[in-house]
Amino acid sequence: MIPSSLFVVFIVAASTHAAFICPRPNGLFRDTSSSKMFYHCFNSIPYHKPCPSGTSWSQTRQRCLSTSSLMEPITSTVPVATTTTTVATTTTTVATTTTTVATTTTTVATTTTTVATTTTTVEELVNGCSKGNPCQNGGSCEPSGTDDLFCLCQANYYGSRCEHTGEGTDLSVLESIIDGNNNNYEHVVENVLSRNNWTDILAVVDVTGSMQSCAAAVYKWMKLPQDKTKNIRYYVFFNDGDDKLNADKVIGSTGGIYSMAANNLNKVLSTMQSAMKNGNGGDIPENDIEAILHGIAMCPTCKDIIHIADNKATPRDLQLLNRVTKPVKVLTCQVDAAGVNPKLLTIADKTNGSLHTLDQDIVNLSKIKLDEKITIGRRTYLRTSSGFVLV
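Since the structure is predicted, the reported quantities are computational estimates derived from the model, not experimental observations. Residue indices begin from 1 for each chain and proceed along its sequence in written order. Totals for whole chains, interfaces and linings use every residue, but because this is a predicted model, local features are given only for residues with pLDDT of at least 70 and side-chain atom pairs only at 80 or more, for both listing and counting. Calculated side-chain values reflect all of the structure's heavy atoms, with hydrogen atoms and water omitted.

Caption draft 1: Spotlight on the overall build of the protein. Under the DSSP-based scheme used, a helix requires at least four consecutive residues in state H or I and a strand at least two consecutive residues in state E, with every element numbered from the N terminus. For the protein, the count of helices and strands is 11 helices and 20 strands. Buried residues are those whose accessible area, probed at 1.4 Å on protein chains only, stays under 20% of the maximum for their type, while exposed residues exceed 50% and partly exposed ones sit between those limits. Counting across all 391 residues of the protein, residues that qualify as buried make up 47%. Only heavy atoms matter for contacts: two residues are in contact if any of them lie within 4.5 Å across the pair. In the protein, of all internal contacts separated by at least 6 residues, the share reaching a separation of at least 24 is 60%. All accessibility values rest on the Shrake-Rupley procedure with a 1.4 Å probe; residue burial counts only the protein chains present in the view. Here the protein displays about 18,800 Å² of accessible surface, and carbon together with sulfur accounts for 52% of that area.

Caption draft 2: Quick peek at the sheet that holds strand β18 (residues 373-376). At least two DSSP bridges between two strands are needed for those strands to be called paired. On the basis of which strands lie adjacent, the open sheet formed by three strands has the order β18-β19-β20 and antiparallel pairing. What marks the edges here is a single partner per strand, and that holds for β18 and β20 (387-390). Between one strand axis and the next, the sheet turns through 35 degrees on average, direction left out of account. To obtain an axis, a line is fitted to C-alpha atoms, over the contacting stretch when the element is a helix, and the angle between two such axes runs from 0 to 180 degrees between their N-to-C directions. Helix α11 (residues 342-350) contacts β18, β19 (379-384) and β20 of the sheet and is inclined by roughly 155 degrees relative to β20.

Caption draft 3: Structural view of the pairing of strand β12 (residues 232-238). With six of seven residues buried, β12 lies mostly within the body of the structure. Relative to β12, strand β11 (residues 201-206) runs parallel, the two sharing six bridges. Within β12, the residue paired with D206 across the bridge is F238. As paired elements, β12 and strand β13 (residues 257-261) share five bridges and run antiparallel to each other. The residue bridging Y234 from the neighbouring strand is A261, located in β13.

Caption draft 4: The arrangement of α11 in detail. Taken residue by residue, α11 has L344, L345, T346, I347, A348 and D349 as its buried positions. Think of a polar contact as two N or O atoms within 3.5 Å of one another; within protein, one of them needs to be a possible hydrogen donor and the other a possible acceptor, and neighboring residues in sequence only count if both atoms come from side chains. At the N-terminal boundary of α11, the capping side chain belongs to N341, with an oxygen 2.9 Å from the backbone nitrogen of K343. Phi turns positive, to about 60 degrees, at N352, one or two residues after α11.

Following this line, the structure appears as structure tokens:
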């Protein structure tokens, strides 16, 4: 029999709920007070979320797991009375050494976990589509991270929930390039990807209205033989808020972000087109950094992050740049006689990344000292204490 003092320890552990601080800016973390709950940290903000009914959180598997005999450490004492001989031996230790109840409790919890792993488990992904399909007019729900989603709409429907009838944003430029009827577009994406041997790529692509030609190049690249595209593992397409009113765009949560693993090409293409149909960016600034952070959270093991950026639009959310934990390779689209947007240089510089144009790969930006200059194309840039400026 387990001493009553042991039950006190369990009750305190289950009821204590201190303010949670994210160990890392992005990730999934267990709730030590309840195996039925977990924390989803995004941009250092913790979201307290429940597992679906009949499941419990597994920190090792990063999933809510369903099992016919799942044993829950900390919050349940029932398994101790009914489990294996090893656990029963541990219980005896508890009974004879009341001064080490807390230590013994930890041992029991560890043993319980071992027993649980011997059962047959069924994984259940926790995502925004797990509670039903909010997409209208026959649209399919696609998970986009924990508790987030987007909709792939049927023909003649568009909108974040497929709520509008029609075609949405005009994609005639995209379609003319894809069909081969328009070859007059810039080949930045194709040139840069062809001359760099990157692997495990996370591709973050601006698909607002002015970026159709570059998006078409991404589309054409995806249709190349598999040996050329296999290095891209994950795609993020962003449109700066799905036609959200400019006044409603909040730094870090503007939205209009569509993401998809690269293992299903048809879905990737549909996802890109949906992102383009549902928004054209509205005002000029865009949510580049929000999209990059989303991509890193969705594919934390992706090695090379490429950002296919609109050179004519300055990111609205550069204040989030210090949360980007990996080097970003910036591919500049729509560069004209005015030169490269210095703010895109800042993204590459501050993340220890690189910048890429139609004919140049600019690496090791961090080695350029204060008051030194660099020439990109026909324009010259000076490093100042606040970043690069055009001179």
